[in-house]
Every structure is written in C-alpha cells, then in structure tokens.
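# Architecture and fold: a report
As a plain string of letters, each chain reads:
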Amino acid sequence: MPRHVWARERRRNAGTGLAGPNTVYVQVVAAGSRDAGAAVYVFSEFNRYLFNCGEGIQRAMQEHKLKISHLDSIFLSRVSWANVGGLPGMILTLKAIGLQRCVFLGPPKLQNYLKAIRLFPGPLKRMDLAVQLHTEPEYKDETMTVYQIPLTGDEQKCARRHPDLVTAFLCKLFPEELCTPTDPGPVFLVLECPHEGFVDAVCENETFQRYQEGAPEHQVALVIHMTPESVLRDSRYQQWMERFGSGTQHLVLNENSSAVHNPRSYKIQTQLNLIHPEIFPLLTTYQSKEAEAVCSVPIVRGECLLKYHLRPQQEWQRDAVTVCDPDSFVSEALDLPDFQTRVKECKESLSAVPGNVSAYPEIVFLGTGSAIPMKIRNVSSTLVNTSATRSLLLDCGEGTFGQLCRHYGEQVDQVLCNLVAVFVSHMHTDHHSGLVNILMERRRAFAALGQAFSPLFLVAPEQIMPWLHEYHNHCEEILGDIKMIPSQSLVKGCENLRPKAKEFVSSLLESYDLAEFQTCEVQHCKNAFACSVIHKSGWKVVYSGDTMPCMALVQMGKNANLLIHEATLEDGMEKEAIEKTHSTTSQAIQTGMKMNAEFIMLNHFSQRYAKIPLFSEDFSEKVGIAFDHMRVRFSDFPAIPKLIPALKALFADDIVEMEERKEKREMRLLKETALVLDKLTRGDSTEAASQKRKQAKNHQEVPDKKLKTVN
C-alpha cells in the first residue's frame, strides 16, 4: 500500500477524518538559473509534490536529501525541455525503487512527450504513466486540491509549429481542523509566463481575477513566478501582480538567479584544485547579462532550498539555503591527515616532469558516473577540444549543458558554437538524454553571438531517430539542428554508406581536420558502439562507451595516444560486470594494454564509488582516474599517476569505507561458497550411504529370487 494511502487510513482510524496537514512548505529546488532551470518541491506530512522536472533536478534532490521515493505527483507547467528534460531519469529512478505508476498533471502535449520517451529501451516501456489534463476534474488528495488553469499564448508572438499551452496550478490547502470552516486553508499559485505573448492570457484569466477580489476564502498566500525579466518589466504583468494585494508574497525564479545548486561539486573541485590547478580548474557560474526588473510590488528572488512555510505560520525560511564557501572547503582539505604532505610531494615530483606545450587536443570530463546523476559525478559526457575553435562531445547524458555552464561560465555560448558533432555510444538514457538541451542551447548561442547557425553532426545508433522524430513532431522542433550519421555506417568495411551520410562524413572530417572517424560495435546492449578519432597531425583518441572486454575495440584502438574506457565496477565484481555487460577496473586497463595505448583514463564509475573508485593492482604510470571537470592534455600523462597519493589522502575515509564494504562482500561470498560446498559434501555422503543401503538390499533380495525361481 502506498505511503500516503496508509497514512490516510491511519488518520481515519484515529478519528481525525481528512483534516489538512499541520506542516506545509514550498521549497525551491532550482531557482531558474541557466544551468539548473526552475523547479519547486512542496512538502506536507502527508504528501510530497514536484513542480517541473528539468535536467539536473534529480541530482539536486539527491544531493539535498529531498526524497524522490516520497513523491506523489509531478506537475508540469509546459512541455518544453527546460521543464521535462529530467523526467526520463526521474521515472527510471521511481521505477527502480518499486513504483509501478506515476501521475502527471500538465498540458495535453505532455501525453505526446510521455509516449515519445517510451521509445527509450528498458523499463520506461513498462511503466504506467498517467496524465491528468485540465479538462478532467481537479486533483485532490489529503493535503490539497489543485486546479489546472490552461493559458494559451499569442500565436503570432510564438511563431512556432507547436503553439504553447501553459498550465498554471492553483493549489488550495485543506483546513487544519474540520471543525473550523472559517479557516479556508491557504492558497498558492504556480505560474509560468514564458514570454510576453502570454501576458494577456494571464491578466484576463477569470479564475485569477476571482482570487484578486479580496475575499478571505480567495486570499492567495504565495505566487511562484517562473517568469523572465522581460515579462516582469511589462506594465500589464506588474498591474496584475498588484491586484493580489499586500498579503500575497511573490517568488521569482528565472535566469537572473545566481544560486549554486550543486555545492558538493564545487567543494570537491576546490579541494582537487589544491592538488593540481591546471588539471582541476575551479568551477564558475553563468551570470545572466539581463538587467533586473524593478517591480511595483515586493518580490523575493529564488535561491536553492529557500522555503516558504504555509503552515503552521506563513513565513520565509533561509536556514537551508545553499552556500558556497571556498575558504571553508580549502580549510577542510588542509586539515586532513597527510594531505598537505602528499600535495607537497606531488608538486615536487611534478617539477621534474618534462612538459610538452601542445594545448590540443584537450579533454574535459563533464560526467564520469553511470546510471543516474549523483552529487559528485554526473552521467556520461566528455568534451574533446580538438583546437581552439572545434569541439567534439562523446556522449551526452542528462545535465551535460549544466556541467558546461559550471565549467566555462560566460564562455559557454562560444563553446557551444565550437561544437560540431556529438557521438552517442548507445541508447541507454544516461548517455543521450542531455542531447535535446544541447541542441536548443546551441541554437540560442549562435543567435546570442550573432554567428551563422549550422546544424550539428550526430553520430549515433540509427535507433535514436524514432525518439527524435516523435519529439520533433509533437513537442518542439529539433530535427533542423542535426545531420545524422548512423554509427553503423562508420564501422570499418561497411559498404552501405548512403550518399547523404557520405557527404556528412566528409564534412565532419574536414571540420575537425581528421584523417579518420571510425566506430566498432561493442559488447553491451544491442547497437552499442565505441569510436576512434585520428587527427591529420597523427594523434589518436579512442572512447569505449559502455562495454565488456571487447576484441573489436582492441583492434580499432591499436596504438592510441589515449583510451577513455569505462570501469564501472571494482575488481572482484567480475560476475556483476558480466550480468550488467560492463568492465571492471583491471579489465579496462588490460584492454588498454592489449591495444598498446599510450595512456588510459578510466571513467563511468558506478555510483557506489561516489568520490573515488578503489585502486587496482594493475594501476601503473599509464593509468588515470577521471573526475567531473578534470581537464587533460597529452602533456599531462606523466603527471596524472603522480596525483594518486594526494587523491588517496583527500578521500582516505571514503577509501576505508569502500575497502570495508569489499571485505564484508568477500566474507559473505566465502560463507556462501562454504555453505554450497558443505551441501555438496553432505549430499555426496548421503548419496554414498543411500547407494550402500541399496546394494545391501539388492544383495539380500537376490537369493530369495533364486529360490523362487527354483521352486
């Protein structure tokens, strides 16, 4: 029985009926910044809700301990990638924790979107995804009633094939005590007004007008505005805000927010920067250049984890608001046992390392974890800067654009314009669900910098196209932003290259000054590929994607300068690696040794190794561990293994904990093996005894038979 149903039954049995909750608050998960989008979490002791679910929301909730497993419903104000980009990962997580059904409220296009993501392979196909539209009765549970208010924008100002329909949510809490009907229960409003084309629809809406007349039962406690500065400046919108009266609070979530949503990521990077400032550059933020609107009513700007309490008392609370304090991050690291000594030794050893000054290629690891985004490691994505003006993206998991924002800050638009191609290794969600956002933000970047737009080359399994077509046809137009090159067509010896794809491949090679861009099929899921990139100057980078040890990859990667290989699991977990079709640390290193790679960077670590994986005996001067936001050039190869003692000092507690877990697992396996052997031994003894009894019985029966025969 779901938790909220069980709680309701318990309250009924206690004789309290369906009185409203005593504690309710709204909390900002994402404050609207370009790297994080806008989302709010609503808590009551009976229910939990999420309003909007863009990329990175699951990661933020996990970091800030907002329990995903307790969500009752997800409300989506508009089907734009900024609002729904995190849903595939969120739904997979809900499925993994045992939820069979999800309820979503939002505009009609939401049904099309959920139908489209069912084209992803895996559990999404089997999940019951129910949509409740504004045409259906209001949503009601034991905390509140939610009324959906449809808003249609001015189509001339939208100028799109898919005119937007926005759903606003008017939420009315139940009274705390059923015996006091004079307390109607607080009301709050969640409203997205994406551009000026929606202002008239908002101002003229009759439902909103009823809540602006001053009647006690229609007093609005809080309006959450997911609204750009251009709308806030609009005099019509300001007058509409004024009509709520002085008793209403106004919370604004938009790109002018400078909130830090992933402080753990900033903390780790600040501490790693002490070890090697060039390989671990400090993170930054993207700051909007738009001037803040001057509003005629007081407004509160969103901050990550800012709360507004609706009960027991209506008030703002900033206790939990995220703070990024680099000085405290540094102090914490410097206080760790042996850390300063190891860093000093590391820097002394690095002074003797000869350096090659070639700046390119430069590899920036944006996501080095697997499966789901976590607070320290995001999911798969690696940027290869082949020159000062050209970049290639290897996989594009959820939150890739956010990682680019945090890595490059104000330069992110130029980086997007430099991006010519994206390679998607396979169709698992953690490797491609950031692609749509990259396409949209890239188009925006060309416009912002006044540069001529050019589509992106997409090298991916052709199975990605049904999903992209579905999204394009029913949600937002994206197909004009890509030139598709099927991964199958770049396998050596492939004869079925279509003329259009052949033309695209030639342009791709020319753009990057490449001699070769090759793929090979690897041992993971169906249609999973690795790739090899050879530059005309002679360097070669190979990327494994997800795979078990694979000879086709070894052959394609012969004599690579750099192999980037997944090492999802630690040594000793070979059985699990086979079950999940991944590699262990030593298997990844051995693949690099077999192909005679100059250097091996391990990535795609299971989220059980949140900060650092366990080190294998196969580690050598040819092996390094990838971290999110790590920046590597070929000249860094001699330095990277020398960082390991300092890394071990920084993450000593985590390594001890992982080694203890490994010991417990090994002990458990030994016990299980001993039990099996014991059963087999006892089984053999029992069988032998049974055989002897049978033989003895047969021996006794033989004379009797003979006697009977004689008679």
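Sequence order as written defines the numbering, with residues in each chain counted from 1. With the structure being a predicted model, the display of local features is reserved for residues of pLDDT at least 70 and the display and counting of side-chain atom pairs for 80 or more, all residues being used for whole-chain, interface and lining totals. Computation of side-chain values: all heavy atoms of the structure, hydrogens and water removed.

## Description of the overall build of the protein
Along its length, the protein carries 24 helices and 28 strands. A principal-axis box enclosing the C-alpha atoms of the protein has dimensions of 110 × 85 × 60 Å. Residue burial is assigned from relative accessible area. The probe radius is 1.4 Å, only protein chains are included, and a residue is buried under 20% of its type maximum, exposed over 50%, and partly exposed in between. Going through the 711 residues of the protein one by one, you find that 57% of them count as buried. At a minimum sequence separation of 6, the contacts of the protein that also span at least 24 residues come to 69%. Here the accessible surface of atoms and residues is derived via Shrake-Rupley with a 1.4 Å probe, and residues count as covered only by protein chains that are part of the display. When the accessible area of the protein is evaluated, it comes to approximately 30,400 Å², of which 51% is carbon and sulfur surface. Charge-centre separation for the protein: the mean point of 78 positive side chains lies 7 Å from the mean point of 85 negative side chains. In this description a helix means any DSSP run of H or I spanning at least four residues, a strand means any run of E spanning at least two, and both kinds are numbered starting from the N terminus. For this analysis, residues touch if any pair of their heavy atoms sits within 4.5 Å. Positive charge is attributed to Lys and Arg, negative charge to Asp and Glu, and no charge count is given to His or to the chain ends. Working definition for charges: the position is that of NZ of Lys, CZ of Arg, CG of Asp or CD of Glu.

## Some points on the packing of helix H4 (residues 87-96) against helix H5 (residues 109-117)
Running from N to C, H4 and H5 cross one another at 70 degrees; their axes reach a closest spacing of 11 Å. Considering the angle they form, H4 stands roughly perpendicular to H5. With respect to the hand of their crossing, H4 and H5 are arranged in right-handed fashion. Two secondary-structure elements touch here, H4 through Leu 87, Pro 88 and Ile 91 and H5 through Tyr 113, Leu 114 and Ile 117. Taken together, the residues of the contact of H4 with H5 break down into six nonpolar, no polar and no charged. Only C-alpha atoms enter the line fits that serve as axes; for helices the fit covers just the stretch in contact. Angles between N-to-C directions range over 0 to 180 degrees. For this classification, under 35 degrees means roughly parallel, over 145 means roughly antiparallel, 65 to 115 means roughly perpendicular, and everything else is oblique. Helix crossings get a hand from a simple test, with the near helix turned counterclockwise from the far one by less than a right angle marking a left-handed crossing and a clockwise turn marking a right-handed one. Residues are grouped as follows: Ala, Val, Leu, Ile, Met, Phe, Trp, Tyr, Cys and Pro are nonpolar; Asp, Glu, Lys and Arg are charged; all remaining types, including Gly, are polar.

## Some thoughts on the nonpolar core
Across soluble globular proteins, you tend to see nonpolar side chains buried next to one another. Formed by 106 residues in total, the largest nonpolar core has its most connected members in Tyr 113, Phe 188, Ile 464 and Trp 467. When residues in this core are grouped by element, the largest group, seven residues, is from strand S1 (residues 24-31). Each residue touching Ile 464, except ones within four places of it in the same chain, is listed here: Val 424, Met 427, His 432, Leu 435, Leu 458 and Met 484. Counting 85 residues, the second largest nonpolar core, distinct from the first, contains Ile 376, Leu 490, Leu 569 and Met 601. By nonpolar core we mean a set of buried residues, namely Ala, Val, Leu, Ile, Met, Phe, Trp, Tyr and Cys, connected to one another through side-chain atoms within 4.5 Å.

## A short note on the sheet that holds strand S23 (residues 529-535)
Only strands joined by at least two bridges in the DSSP assignment are considered to pair. The strand order across the open sheet formed by six strands is S22-S23-S24-S25-S26-S27, and the pairing between neighbours is mixed. Each edge of the sheet is formed by a strand with only one pairing partner; in this case those strands are strand S22 (514-521) and strand S27 (623-625). Taken pair by pair, the neighbouring strands of this sheet meet at an average axis angle of 15 degrees, ignoring direction. As paired elements, strand S24 (residues 540-543) and strand S25 (residues 562-566) share three bridges and run parallel to each other. Residue Tyr 543 lies in a different strand from S25, and its bridge partner there is Ile 564. Against the sheet, helix H19 (residues 499-512) touches S22 and S23, its axis set at about 125 degrees to S22.

## Brief notes about a nonpolar patch on the surface
Residues Val 676, Leu 677 and Leu 680 make up a contiguous nonpolar surface patch of about 290 Å² in total accessible area. Structurally, Val 676 is set in helix H24 (residues 652-710). The residues that make up patches have over 30% relative accessible area and no salt bridge, and they are joined within 9 Å when like-charged or within 5 Å when they are Val, Leu, Ile, Met, Phe, Trp or Tyr. The term salt bridge refers to a pairing of a side-chain nitrogen on Lys or Arg with a carboxyl oxygen on Asp or Glu at a separation within 4 Å.

## With respect to the confidence of the model for the protein
Per-residue confidence from the predictor is given as pLDDT, running between 0 and 100. Model confidence for the protein is summarised by a mean pLDDT of 90, while 90% of its residues fall at 70 or above. This stretch, residues 702-711, has a pLDDT under 50; its non-local contacts, to residues over four places away or in other chains, come to zero contacts.

## Looking at the layout of surface pockets
Think of a 1 Å grid over the protein atoms and nothing else: a 1.4 Å probe that fits but is trapped marks a cavity, an open set flanked by protein within 12 Å on at least five of seven lines marks a pocket, and residues with an atom within 4 Å of a point count as lining. Grid points are joined across faces, edges and corners, and a volume is the space filled by probe spheres set on the points. The space that makes up the second largest pocket amounts to roughly 640 Å³. Lining the second largest pocket are 25 residues, and of these Ser 370, Ala 371, His 428, Asp 430 and His 582 lie nearest its centre. Looking at the lining of the second largest pocket, the elements that each hand over two or more residues are H4, helix H16 (429-432) and helix H21 (574-580). Looking at the lining of the second largest pocket, its residues break down into seven nonpolar, 12 polar and six charged.

## Focus: the pairing of strand S20 (residues 456-460)
Counting buried positions over the five residues of S20 gives five, a clear majority of the element. Burial along S20 is two-sided: Leu 456, Leu 458 and Ala 460 and Phe 457 and Val 459, pointing in opposite directions, are all buried. Direction of pairing for S20 relative to strand S21 (residues 482-486): parallel, over a ladder of five bridges. Directly across from Val 459, in S21, lies its bridge partner Ile 485. Regarding the hand of the β-α-β motif, the stretch spanning S20, helix H18 (residues 465-474) and S21 is right-handed. When the strands point away from the viewer, a crossover counts as right-handed if the route from the first strand across the helix to the second turns clockwise.

## Observations regarding unusual backbone geometry
Most peptide bonds adopt trans geometry, and most residues besides glycine take a negative phi value. Note that the residue after Arg 311, namely Pro 312, is joined by a cis bond; omega there is 5 degrees. Residue placement: Pro 312 occurs in the loop between strand S14 (307-311) and strand S15 (315-317). A cis amide bond links Tyr 360 to the next residue, Pro 361, at an omega of 5 degrees. Within the secondary structure, Pro 361 sits in the loop between helix H13 (339-350) and strand S16 (362-367). In this structure, Ala 371 takes a positive phi of about 75 degrees despite not being glycine. Among the structural elements, Ala 371 can be located in the loop between S16 and strand S17 (381-387). Of the residues examined, Ala 371 reaches a relative accessible area of 53% and is grouped as exposed.

## Focus on the side chain of His 431
Turning to its location among the elements, His 431 is positioned in helix H16. On the basis of relative accessibility, which here comes to 0%, the residue His 431 falls in the buried class. Discounting residues that sit within four places of it in the chain, His 431 has contacts with Ser 380, Asp 395, Cys 396, Gly 397, Val 424, Ser 425, His 426, Tyr 543, Asp 546 and His 604.

## Some points on the sheet that holds strand S4 (residues 73-75)
Across the sheet, eight strands lie side by side as S6-S5-S4-S3-S2-S1-S14-S15; this open sheet has mixed pairing. Only two strands of the sheet have a single partner each, and these edge strands are strand S6 (128-132) and S15. Mean inter-strand twist for the sheet, computed between neighbouring axes without regard to direction, equals 25 degrees. For S1 and strand S2 (residues 38-44), the ladder comprises seven bridges, and the chain directions are antiparallel.

## Quick look at the pattern of salt bridges
Should the charged atoms of two oppositely charged side chains come close, the side chains can pair. According to the stated counting rule, one finds 23 salt bridges in the structure shown. Between Arg 444 and Glu 255 there is a salt bridge, with its nearest N and O atoms 2.8 Å apart. Taken together, the residues span a long stretch of sequence, with Arg 444 in helix H17 (residues 435-449) and Glu 255 in the loop between strand S12 (249-252) and helix H11 (263-275) at a distance of 189 residues. Accessibility expressed as a relative area gives 33% for Arg 444, which makes it partly exposed. Residue Asp 513 is joined to Lys 536 by a salt bridge in which the shortest nitrogen-to-oxygen separation is 3.7 Å. On the criterion of sequence distance, the pair formed by Asp 513 in the loop between H19 and S22 and Lys 536 in the loop between S23 and S24 is long-range, its members being 23 residues apart. Owing to a relative accessible area of 37%, Asp 513 belongs among the partly exposed residues under this scheme. According to the relative accessible area criterion, Lys 536 is exposed, its value standing at 58%. One network of salt bridges, in which partners are shared, links Arg 34, Glu 255, Asp 413, Glu 441 and Arg 444.

## Re the packing of H11 against H13
Direction vectors running N to C along H11 and H13 enclose 50 degrees, while the axes themselves pass 9 Å from each other. The orientation of H11 with respect to H13, classified from their angle, is oblique. Taken together, the residues of H13 that come into contact with H11 (itself represented by Gln 271, Leu 274 and Ile 275) are Phe 339, Val 343, Cys 346 and Lys 347. Of the residues belonging to the contact of H11 with H13, the class tally is five nonpolar, one polar and one charged.

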